[in-house]
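# Survey of secondary and tertiary structure
So the chains spell out like this:
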Amino acid sequence: MATEAQLRADIVEVGRRMYARGYTASNDGNISVRLDATRLLMTPKSVCKGFMDPSMMCITDLDGKKLAGDRDPSSEMQMHLEVYRQRTDAQAVVHAHPPIATAFAVAGIPLDRAVLAEVVTTLGSVPIADYATPSTKELPQAVSKYIKAHDGMLLANHGALTVGSDLYSAYFKMETIEHFAHISFIARMLGGERLLSKEEVLRLQGLRGMYGISSPAPICADPDSTPSDQADCQVVFAPPSRTRLVPSTSLGTGPAGATSPDAEIRLTYSELTALIEDAVKALKN
Ligand SMILES: [Zn+2]
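Residues numbered from 1 in each chain as written. Predicted model: local features only at pLDDT ≥ 70, side-chain atom pairs only at ≥ 80, totals over all residues. Heavy atoms only, no water.

Two modes of strand pairing occur in sheets, parallel and antiparallel, and in both the strands are linked by backbone hydrogen bonds. Strand order in the open sheet formed by eight strands is β4-β3-β2-β1-β5-β8-β7-β6, with mixed pairing between adjacent strands. With one partner strand each, in any of the chains shown, β4 (66-68) and β6 (128-129) form the two edges of the open sheet. Along the sheet face, helix α2 (residues 77-86) touches β1 (30-34), β2 (39-42), β3 (58-61), β5 (92-96), β7 (152-155) and β8 (159-164) and points at about 35 degrees away from the line of β1. Across the face of the sheet, helix α6 (residues 167-189) comes into contact with β1, β5, β7 and β8 while running at roughly 140 degrees to β8. (Pairing = 2+ DSSP bridges. Helix = DSSP H or I, 4+ residues; strand = E, 2+ residues; numbered from the N terminus. Contact = heavy atoms within 4.5 Å. Axes fitted to C-alpha atoms, helices over the stretch in contact; angles between N-to-C directions.)

What follows is the structure, encoded as structure tokens:
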């Protein structure tokens, strides 16, 4: 078990890295870690995470009562408390606004496609918690739906949240989410991801035990049957196939050419205008 002095220094270091990588701007973001069974060490309100000092941190109990520290605890303390209440295995919580992952959260696009083997094996998927006003009780309620089954999630129109078995593990999951979002974004610009097949995803899940990767929940056997009140498995979209890599169009959400009646199609503005003009002409005739 790390000493309090070490944990204070670790929070400073993680804050410095988050700020240096652009995961937070100004005073954004917050970090907490369990000191022992009843106390948390947490970043204070209204400080830039890139310029913290070990003496700045607050100590609170698990109900959020301040026990020590000159400053008040993070304005998102309630969100951290909710995580610790629901996840007795979580030793640390990190919240930031990494720009590409946050752009997915703003666009309402979860990072739940089977794209990268390492991400499937470690995080499973990264869902989006519903929009909630920051610093209110809405935010812990929104996080509550996914936190039992996920170590990382996006927060709609806000940012991202990760938990870990120690502070660096929580921080590295934040790095993984931003890296995954970056790769997903570029792959979509290049025409779309090729997805890992369902069979490959199950094989990767099997590696979790082999490599000692702890996961709070399994990958959902049937993503469509996930209950809406609280997720108890990780939704990973992977098409069934005998081959290991499958074009994303088989999800029915890819570019024109997909055959599902619910599939999305994309038209340029001039193509759409031409279609409407044709329809108007047909009506007139
Ligand atoms: Zn925030």
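In this structure, His95 (NE2), His97 (NE2) and His158 (NE2) serve as the protein donors to the zinc ion, at separations of 2.0 to 2.1 Å. For the zinc ion, all donor residues lie on one chain, and their spacing in sequence is H-x1-H-x60-H. Of this pair, His97 sits in the loop between β5 and α3 (99-107) while His158 sits in the loop between β7 and β8, and the two are 61 residues apart along the sequence. For His97, a relative accessible area of 22% corresponds to the partly exposed category. (Donors = N, O, S within 2.8 Å, 3.2 Å for Na, K, Ca; no water. Buried < 20%, exposed > 50% of the residue type's maximum accessible area, 1.4 Å probe, protein only.)

Okay, the nonpolar core next. By size, the foremost hydrophobic cluster in this structure holds 38 residues, and its most contacted members are Ile11, Met18, Ile31, Leu41, Met52, Leu111 and Leu154. At the level of elements, α1 (4-20), β1, β5, α3 and α6 are the ones that each hand at least two residues to this core. No other element matches α6, which puts seven residues into this core. Every residue in contact with Leu41, bar those within four places of it in the chain, is listed here: Glu4, Leu7, Arg8, Ile11, Ile31, Ser32, Val33, Leu35, Met57, Cys58 and Ile59. Core analysis: the second largest hydrophobic core is formed by 23 residues, Met79, Leu139, Ala142 and Ala149 among them. (Core = buried A, V, L, I, M, F, W, Y, C linked by side-chain atoms within 4.5 Å.)

What follows deals with unusual backbone geometry. Unusually for a residue other than glycine, Ser26 sits at a positive phi of about 50 degrees. Mapping Ser26 onto the fold places it in the loop between α1 and β1. Phi is positive for Asn157, which is not a glycine, with a value near 50 degrees. The topology assignment puts Asn157 in the loop between β7 and β8. The exposure class of Asn157 is partly exposed, given its relative accessible area of 47%.

Taking burial as the measure, the 10 residues of α2 include eight buried ones, the bulk of the element. Residues of α2 that are buried: Met77, Met79, His80, Leu81, Glu82, Val83, Tyr84 and Gln86.

So, about the confidence of the model for the protein chain. Averaged over all residues, the pLDDT of the protein chain is 91; the fraction at 70 or higher stands at 93%. Here residues 252-259 scores under 50 on pLDDT; set against residues more than four positions off or in separate chains, the count is 15 contacts. (pLDDT = per-residue confidence, 0-100.)

The next point concerns the packing of α3 against α6. Contact geometry for α3 and α6: axes closest at 7 Å, N-to-C directions at 65 degrees. Of the possible angle classes, the one that applies to α3 and α6 is roughly perpendicular. For α3 against α6, the interelement crossing comes out left-handed. Contacts from Pro99, Ile100, Ala101 and Phe104 of α3 reach α6 at Ile177, Glu178, Ala181, His182, Ser184, Phe185 and Arg188. Across the contact of α3 with α6, the residue classes tally to seven nonpolar, two polar and two charged. (Parallel < 35°, antiparallel > 145°, perpendicular 65-115°, else oblique. Left-handed = near helix turned anticlockwise from the far one by under 90°. Nonpolar A, V, L, I, M, F, W, Y, C, P; charged D, E, K, R; others polar.)

Below, the discussion takes up helix α7 (residues 198-210). Look at α7: 19 Å from first C-alpha to last across 13 residues, which is about the 18 Å you get at 1.5 Å a residue. Along α7, the residues classified as buried are Glu200, Val201, Leu204 and Arg208. Around the axis of α7, the buried residues are gathered within 110 degrees of arc, so they sit on the same side. In α7, the exposed positions that point more than 90 degrees away from the buried face belong to Gly209 and Met210. Those residues of α7 that are buried lie in contact with α4 (117-122) and β9 (194-196). Downstream of α7 by a residue or two, Gly212 has a phi angle that is positive, lying close to 70 degrees. (Expected span 1.5 Å × (residues − 1). Arc of directions from axis to C-beta.)

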